Amino acid sequence: MINELKFDVVVIGGGHAGCEAAAASARLGVNTALITHKFETIGEMSCNPAIGGLGKGHLVREIDALDGVMGDIADKSGIQFRLLNRSRGPAVRGPRTQSDRSLYKKFMQEKLVNYCNLSIISDPVISFIFEKNLINGVITQQGKKIRTTKLILTTGTFLNGVIHIGDTQTPAGRYNEKPTTGLSEQLKKLKFKIGRLKTGTPPRLDSRTINYTNLEEQFADRDPYFFSFLTSKNFNKQVSCRVTYTNEAVHKIISKNLNKSAMYSGNIKSVGPRYCPSIEDKIVKFSDKQRHQIFLEPEGLKDYTIYPNGISTSLPNEIQQEICSKINGLENVRIIRPGYAIEYDFVDPRELFLTLETKKIKNLYMAGQINGTTGYEEAAAQGLIAGINAALSVKRSEPFILNRSEAYIGVMIDDLVTKGVAEPYRMFTSRAEFRLSLRADNADLRLTQKGIEIGLISEGRYLLFKEKLYKLKKAEKYMNELEISPSKASKFSINIAKDGVLRSANQILSQKGVNMDKIREIWPKIPVFSKEIDDQIEINAHYKGYLSKQKADILAFKRDENLIIPDNINYDDLSGLSNEVKTKFMEIKPKTLGQALRIDGITPAAVYILLSHVKRRSIKHIA
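We now turn to the structure provided with this report. Keep in mind the model is a prediction, meaning the values are calculated, not measured. (Residues numbered from 1 in each chain as written. Predicted model: local features only at pLDDT ≥ 70, side-chain atom pairs only at ≥ 80, totals over all residues. Heavy atoms only, no water.)

**What to know about helix α11 (residues 443–453)**
Buried residues of α11: A443, D444, R446, L447, T448 and G451, and no others. One face of α11 carries all of its buried residues, which in axial projection span an arc of 165 degrees. Two residues or fewer after α11 comes G455, characterised by a positive phi angle close to 80 degrees. (Buried < 20%, exposed > 50% of the residue type's maximum accessible area, 1.4 Å probe, protein only. Helix = DSSP H or I, 4+ residues; strand = E, 2+ residues; numbered from the N terminus. Arc of directions from axis to C-beta.)

**Section: the sheet that holds strand β19 (residues 340–347)**
Strands sit in the order β11-β10-β19-β12 across an open sheet of four strands; the sheet is antiparallel. Edge positions in the sheet fall to β11 (168–171) and β12 (194–201), since each has one partner strand and no second. With strand direction ignored, the average angle separating the axes of adjacent strands in the sheet is 25 degrees. (Pairing = 2+ DSSP bridges. Axes fitted to C-alpha atoms, helices over the stretch in contact; angles between N-to-C directions.)

**So, the packing of aromatic side chains**
The final tally for this structure, using the stated rule, is six aromatic pairs. Ring centres of Y175 and Y340 lie 5.9 Å apart, and the angle between their planes is 20 degrees; on these two criteria the pair is classed as stacked. Of this pair, Y175 sits in the loop between β11 and α5 (183–189) while Y340 sits in strand β19, and the two are 165 residues apart along the sequence. For Y175, a relative accessible area of 29% translates into the label partly exposed. One residue, R208, lies across the ring of Y304, its end atom 3.8 Å from the ring centre. The side chain of K360 reaches across the aromatic face of F192, ending 5.5 Å from its centre. (Phe/Tyr/Trp six-rings, centres within 6.5 Å; stacked < 30°, edge-to-face > 60°. Lys NZ or Arg CZ within 6 Å of the ring centre and 35° of its normal.)

**Remarks on the pattern of salt bridges**
Under the criterion given, the structure shown has 46 salt bridges. For the salt bridge of E467 with K471, the shortest nitrogen-to-oxygen distance reads 3.1 Å. Of the two residues, E467 and K471 are both situated in helix α12 (residues 459–481); the distance of four residues between them amounts to about one turn of the helix. Classification of E467 as partly exposed rests on a relative accessible area of 37%. Its salt-bridge partner being R503, residue D499 comes within 2.9 Å of it at the nearest N-O pair. (Salt bridge = Lys/Arg side-chain N within 4 Å of Asp/Glu carboxyl O.)

Right, here's the structure in full:
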């Protein structure tokens, strides 16, 4: 047996962050290893078997635009595609799919196994190897030494994970899976700020024991909106979800047994996600509500398991059964597996640079729930960025950083490293101040070229992207050149001001109720390429006025982001700043004036002092 191996980049963890990190590093041509507990759990969907949603769907489209793996696998395993907020504007629509849990894992494992430059090792890591304040490698449970120049830690909920069901506590990273121990203690010795967070999951139900007769049905979309820009068809049969509700009887049972919940008994001290509360939290914090919605979501096409989205709990098994039996349709339900809460260690994300490299250990990167986030999509997006930057660092190339005006990924990472987290971080469209520009539909137009420039994009995607750009430009050329007078437009039932001014096809398209079908009624010579191209032209036309206004905001933002703060600045030299402000600057080490302005508790006056100091330094250096 070979007891020592060497890789340029090593990724620890086979969850969503680890899969994206390993794939991105390998795509950049760097010799990469993915180390996981068990090969069989690579790509495991620990909680809800679903991908996307509001904000989260934007992240997946951006991952795909950079040739990541999540979008492709979500499409191949999708069994219920729905575009959330379909009736609202394109900026806030959220693609989502219910996935077949076993298919998602199967396709993810197949994809990674066939990746060039990627080796997969099934052997838990038990310790780091340090040399001169750098991680030189890791030691596995089987005694292997695996040397590396860059290490990416993506441990999810496994870092000292503990599962809570009632008053029972079990060390675990996931149900029936051992936690990762020892690594957190090593990080503490290196003065990393370690905290505890929690998340939860509902019981799993046997669909054969559910009475669906009187439950409302939620259907898949007839025209699915896919995650990958390369997907053109459905791969699987589409299924429905059913909807039921809690009721007064359920609420009474929960209230009566709150002291038995790990959440309320005092066993759990850590903070959970505010936007995904347990059913106990809902009953306590929203006591005025008569009922709470529960989505009964199938976990697979050949799986009898149902995920009851909306009743995460850490109550004892027998209480969970009693609760379920009082819910419409679940009177005789059998619980396959109880719900539980899980606590785990995380590292304060303010310990990281925007590249997701740690400030204390220059070749150590972190991605996913270890950084205080919640959700598959947030984890995968971080994994992508960590994998890209670790590989680029090996190649001695410039780092890859997306700012807030370019991507939801940029918003999330900037939020994490600048503000830290007080609770598990979840992505929402409301977090992005430039969301009119950062739509799910244009993720490839925003990001794919950036991926091409660093060698991240496969040849197949490159060719399809170039073809799409060509078709868009050709169609838009017609749209800008073809014109019509107000009087002639009225013959096509288009009412615009009778001012004699000619309007372009693009200007006509921006009118309410006008689409590309109407435009071709007026100008049949405009070529038909695809529905995707038509949709993009329509969205661009309808958003043009809003985007012109937002463009000024983005330019102002970029001016702040272009003012670089030197790495070696001594904040103690800045007279006029309080010790608290100096400490925050030294802790976060903002890279730009814009980032400094976004630090919690930092006033514009403090940033002005910093700016004046940077300018004086620049003048001295020039002199």
